[in-house]
Amino acid sequence: MASGGPQQVLRAIGDRTIRVRLGHGLEIGGGDFVVIAGPCALESTEQVEAATTAVKKAGAHALRGGAFKPRTSPYAFQGLGEVGLKLIADSGRRLHLPVVSEVMDASQLPLMLDYVDVLQIGARNMQNFALLRAVSKVRRPVVLKRGFGSTIEEWLLAAEYLLDGGNDQVVLCERGIRSFDNTLRNTLDLAGMAWVKERTKLPVIVDPSHSTGVRTLVTPMSLAAAAAGADGLLVEVHPAPEAAMCDGPQALTPEMFGLLMATLPGVLHATGRKMAHPEPLAAVGGSR
Ligand code: PEP
Ligand code: MN
């Protein structure tokens, strides 16, 4: 494991589970399952409202949505920036749900802290050590995605930057790695997730969206993640995936997300667990 020393030198290793406080009274790491859902990118007032209302109605515990998008092509939609952050922060307030969004650069931190409950460090930035150091100094929980070319050791050492700098509110997120096979967008390393879950004290979640790239695989991989002991999911949902500006093929429709949320409790029950409190919530502005 960690170069030059036994595993125990890592702050992330150990039995004592760290509970990460995501905001609005929601915790992850205590055993109950947390679902964070929303669109890949925040696109417009209408899209954000439709997506966030739908996931809340289905029982999501927290909202996701990118305002700063790390895109392979500079010509692709780069995100709405602060306008997007305002939209998702408004939804979070309206729906009483914590908000997760990606910080791409340390210079964006002051702005992000004004709007989001949880910072996301993306796969492409997992080894941006200046960003890790900067985020280690703020009092805000972090979802740290595994780099798609990163070993588990490198992932845990990235987490170590956050812990060593003073921020132990770290949630690890397995989001798929690149393998020799490019049939799917990535290869979901579910066994790696379970290994990390067994050996570290940090909560570990799974992103079934980027790890597959295929909408129909998102539900089965989500259920598999729940059965394998993940602490939760980070899942992309779009009110009209065919019109999405980013990652449409992997976005669940609100109907598919509703079905997933209805199926998860049975799988969790079978493995002695349950959904996080609050339980899937009753209606937002009407009956379900
Ligand atoms: C995302 O969650 O929207 C994202 C860009 O993910 P990743 O960093 O895993 O590619
Ligand atoms: Mn995406």
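For the structure itself, look to the data block above.
Computed from a predicted model, the values in this text were never measured in an experiment.

Draft legend 1. Summary view of the site of ligand 1. Close to ligand 1 lie Cys40, Arg64, Lys69, Glu102, Gln120, Gly122, Ala123, Arg124, Lys145, Arg175, His210 and Glu236, which account for all nearby residues. Contact distances for ligand 1 include 2.9 Å between an oxygen atom and a side-chain N or O atom of Gln120. In the model, an oxygen atom of ligand 1 is placed 2.6 Å from a nitrogen or oxygen of the Arg175 side chain. Coverage of ligand 1 by the protein amounts to 97% of the 300 Å² it exposes when considered alone. Within the shell around ligand 1, the residues separate by chemical class into 2 nonpolar, 3 polar and 7 charged.

Draft legend 2. How the structure looks around the side chain of Glu160. Within the element layout of this structure, Glu160 appears in helix α5 (residues 152-165). At 3.4 Å, the side chain of Glu160 forms a polar contact with the backbone nitrogen of Ala12. Residues in contact with Glu160, not counting those within four places in the same chain, are Val9, Leu10, Arg11 and Ala12.

Draft legend 3. The arrangement of the sheet that holds strand β4 (residues 62-64) in detail. Overall, parallel pairing links the 8 strands, which are arranged β3-β4-β5-β6-β7-β8-β9-β10 in a closed barrel. With direction set aside, neighbouring strand axes in the sheet form an average angle of 25°. In terms of strand pairing, β4 meets strand β5 (residues 99-102) through 2 bridges, oriented parallel. Looking at the pairing, Arg64 lines up with Val100 of β5. Against the sheet, helix α4 (residues 129-136) contacts β6 (118-121) and β7 (142-145), and its axis sits at roughly 165° relative to β6. Docked against the sheet, α5 engages β6, β7, β8 (170-174) and β9 (204-206), running at close to 160° with respect to β8.

Here is what the cut-offs are and how they apply
- Residues numbered from 1 in each chain as written.
- Chains lettered and ligands numbered in written order.
- Predicted model: local features only at pLDDT ≥ 70, side-chain atom pairs only at ≥ 80, totals over all residues.
- Heavy atoms only, no water.
- Near = heavy atom within 4 Å.
- Polar contact = N/O pair within 3.5 Å; in protein donor to acceptor, adjacent residues only side chain to side chain.
- Areas by Shrake-Rupley, 256 points an atom, 1.4 Å probe, with all protein chains shown as cover.
- Nonpolar A, V, L, I, M, F, W, Y, C, P; charged D, E, K, R; others polar.
- Helix = DSSP H or I, 4+ residues; strand = E, 2+ residues; numbered from the N terminus.
- Contact = heavy atoms within 4.5 Å.
- Pairing = 2+ DSSP bridges.
- Axes fitted to C-alpha atoms, helices over the stretch in contact; angles between N-to-C directions.

Purely spatial values, then, with no claim about function.
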